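Each chain, letter by letter, is given below.
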Amino acid sequence: MTDCIGYAAKDVSAPLSPFSFHRRDLGSEDVQIDILYCGVCHSDLHRIDNDWNNTIYPLVPGHEIVGKVASIGEKVKRYKVGDLIGVGTIIDSCQQCQSCKRGEENYCEEGPTSTYNAKDKKTGEVTRGGYANTIVVTEKFVYAVPKSLDPAGVAPLLCAGITTYSSLKHWNVQKGQKVGIVGIGGLGHIALKIAHAMGAHVVAITTTLEKTQEALRLGAQEVLLSTDAQAMQSHAATFDFILSTVPTTHDINPYIQLLKTNATLTVVGALGTVATGINGRELATRRRSIAGSYIGGVAETQEMLAFCAKHNITSDIELIKIQDINEALERMKKGDVRYRFVIDMESLKR
Ligand SMILES: [Zn+2]
Ligand SMILES: [Zn+2]
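This write-up is about the structure you can find in this document. (Residues numbered from 1 in each chain as written. Chains lettered and ligands numbered in written order. Predicted model: local features only at pLDDT ≥ 70, side-chain atom pairs only at ≥ 80, totals over all residues. Heavy atoms only, no water.)

**Structural notes on the overall build of the protein chain**
- Helix and strand content of the protein chain: eleven helices and 17 strands.
- Seen through its C-alpha atoms, the protein chain measures out along the principal axes to roughly 60 × 40 × 40 Å.
- In the protein chain, the proportion of contacts linking residues at least 24 apart, taken out of those at least 6 apart, comes to 67%.
- As presented, the protein chain carries roughly 15,000 Å² of accessible surface, and 49% of it is formed by carbon and sulfur atoms.
- If you average the places of the 37 positive and of the 38 negative side-chain charges in the protein chain, the two averages end up 5 Å apart. (Helix = DSSP H or I, 4+ residues; strand = E, 2+ residues; numbered from the N terminus. Contact = heavy atoms within 4.5 Å. Areas by Shrake-Rupley, 256 points an atom, 1.4 Å probe, with all protein chains shown as cover. Lys, Arg positive; Asp, Glu negative; His and termini not counted. Charge placed at Lys NZ, Arg CZ, Asp CG, Glu CD.)

Spelled out as C-alpha cells, the structure:
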C-alpha cells in the first residue's frame, strides 16, 4: 500500500479537510504519479454536495490531474520516471465490450471506473481523486502531457477539454460552419477556443452582456444575448451545431429554434434534468436533434492534447492552494471563477 495525503469531504455538510489514506500497491502495469496540479471541476461540487445521491464519504475529489511519474510497474512501456503525464475522469473500463473495443472506454457497457467515488475493479476499494499528493493508475488510462503547454493550464483539459473536443468532433464541426457555445464557464471557455481552432464561425450564447469582451477574446466571432428576443429571432435556423456547456439545470428550448434543418443541440454540462416542455414541432419540422455527450475515449483524449498543443490551447485558470479549496468551491457556486480553479499541490506539503 502507498501512503497518501489529500483533502476530503467527510460528509455532506462538512468542509473539505486534510485526510490520510492508502492507494493500491503498484501493479505491473501501473504508474504512480506525484500530483503537481489538479483542476476543480463543477462535478466535484455536485459530488461533494451529494447532488446525484451516490456520494461515498469520505470523498477525495479531483479528476483533472497533471503530475510526474514517480515509479512504474515492470510491464509499463510508454512512460518512465520523471515524465509529465495526466489523468482524467476515468481510470479503467472492462476492455471487452464493443465500446471499449472501439476505443470509446467512456461509453463502456459495464460503465467506466471513475477516477473517484467508484469501485476500483482491481481491489474493490473506493477510488479517490486528485486532491492528493499521489495516485496509482494503470498505464492505459494515463496521457502524455505536451511539453509546450503550461501544465497547470493543461489539467482542466483532461475533463473540460475532452468533453467539448469530443462532441465538437463527433458532430463534425468544420471550417466555416456556424457553431454556438452556450455558457462561458469552465467548459464553455475551452469550447470557444477549440471550436475557433477547428475553423468554425463561433457564436458565444450567454445571458450575461458583461461577458461579451471575454467571449471575443476567447475565440467567439459574435456574442448572442439569449435574453434578447429580437437578436435570438434574427439568428433563427442559422446554426450548424450548438453545444450547451451550462453545468446546472437550464431551459434548452430557446436554443432549439436557432438550429438549421438537420442540426443538433448537444448538452454536455448538465447531467441532471435538462428541460421540460420541449416542443415536438420545433424538432420535427426541421429534423433537429437534441443529444448528449460524455467526456471521451483514451485515444481521443491523447488526440485532444495534441490538438491543444498544436493550437496552443490551455484553460484560463486561477491557481489556488489546497488550504483555500473551500473558499474556491463557494466562489464556484456563484460562478465567480475565471475560468477554472487549479490546485497547486505543492501547497499540500505545508
Ligand atoms: Zn469534470
Ligand atoms: Zn467496456
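Having put the structure on the table, let's press on.
**Regarding the coordination of the zinc ion (ligand 2)**
- Every protein donor of the zinc ion (ligand 2) is accounted for by Cys94 (SG), Cys97 (SG), Cys100 (SG) and Cys108 (SG), and the metal-donor separations fall at 2.3 to 2.4 Å.
- The coordination sphere of the zinc ion (ligand 2) comprises four donor atoms, whose angles at the metal cover 104 to 120°; the geometry is tetrahedral. (Donors = N, O, S within 2.8 Å, 3.2 Å for Na, K, Ca; no water. Tetrahedral: all angles 85-135°; square planar, octahedral: opposite > 155°, others 65-115°.)

**Focus: the side chain of Arg128**
- Structurally, the position occupied by Arg128 is in the loop between β7 (113-114) and β8 (134-138).
- No salt bridge is formed by the buried Arg128, whose closest oppositely charged neighbour, Glu125, lies at an N-O distance of 6.6 Å.
- For Arg128, the side chain forms a polar contact with the main-chain oxygen of Pro58, separated by 2.7 Å.
- When residues no more than four places from it in sequence are discounted, the contact partners of Arg128 are Phe19, Phe21, Arg23, Pro58, Val60, Thr115, Tyr116 and Ile135. (Buried < 20%, exposed > 50% of the residue type's maximum accessible area, 1.4 Å probe, protein only. Salt bridge = Lys/Arg side-chain N within 4 Å of Asp/Glu carboxyl O. Polar contact = N/O pair within 3.5 Å; in protein donor to acceptor, adjacent residues only side chain to side chain.)

**Things to note about the coordination of the zinc ion (ligand 1)**
- Within the protein, the zinc ion (ligand 1) binds to Cys41 (SG), His63 (NE2) and Cys159 (SG); these donor distances fall in the range 2.0 to 2.2 Å.
- In primary-sequence terms, the residues that donate to the zinc ion (ligand 1) follow C-x21-H-x95-C. Within this pair, whereas Cys41 is found in the loop between β3 (30-40) and α1 (42-48), its partner His63 is found in the loop between α1 and β4 (65-72), the two being separated by 22 residues in sequence. An identical accessibility class is assigned to Cys41 and His63; each is buried.

**What about the side chain of Asn117?**
- Along the polypeptide, Asn117 turns up in the loop between β7 and β8.
- Of the polar contacts made by the side chain of Asn117, one reaches the backbone oxygen of Asn54; its length is 3.1 Å.
- Separated by 2.7 Å, the side chain of Asn117 and the backbone nitrogen of Ile56 make a polar contact.
- The residues touching Asn117, leaving out its near neighbours within four places in the chain, are Arg47, Asn54, Thr55, Ile56, Leu59, Val126 and Thr127.

**Observations regarding the packing of helix α4 (residues 160-170) against helix α10 (residues 298-310)**
- α10 packs onto α4 with a crossing angle of 95° between their chain directions and a minimal axis gap of 10 Å. Classified by the interaxial angle, the pair formed by α4 and α10 is roughly perpendicular. The segment α4 lies against α10, with Gly161, Ile162, Tyr165, Ser166 and Lys169 engaging Glu300, Thr301, Glu303, Met304 and Phe307.
- Its residues assigned to classes, the contact of α4 with α10 comprises four nonpolar, three polar and three charged. (Axes fitted to C-alpha atoms, helices over the stretch in contact; angles between N-to-C directions. Parallel < 35°, antiparallel > 145°, perpendicular 65-115°, else oblique. Nonpolar A, V, L, I, M, F, W, Y, C, P; charged D, E, K, R; others polar.)

**Observations concerning the pattern of salt bridges**
- Taken as a whole and assessed by the stated rule, the structure comprises 20 salt bridges.
- Among the salt bridges present, the one from Lys169 reaches Glu303, with a minimum N-O distance of 2.7 Å. On the criterion of sequence distance, the pair formed by Lys169 in helix α4 and Glu303 in helix α10 is long-range, its members being 134 residues apart.
- Its relative accessible area of 32% is what places Glu303 among the partly exposed residues.
- The shortest N-O distance in the salt bridge between Arg217 and Asp316 comes to 2.9 Å. Taken together, the positions of Arg217 in helix α6 (residues 212-218) and Asp316 in the loop between α10 and β16 (317-321) put the pair 99 residues apart, joining distant regions of the chain.
- Through salt bridges that share partners, Lys193, Glu214, Arg217 and Asp316 make up one connected network.

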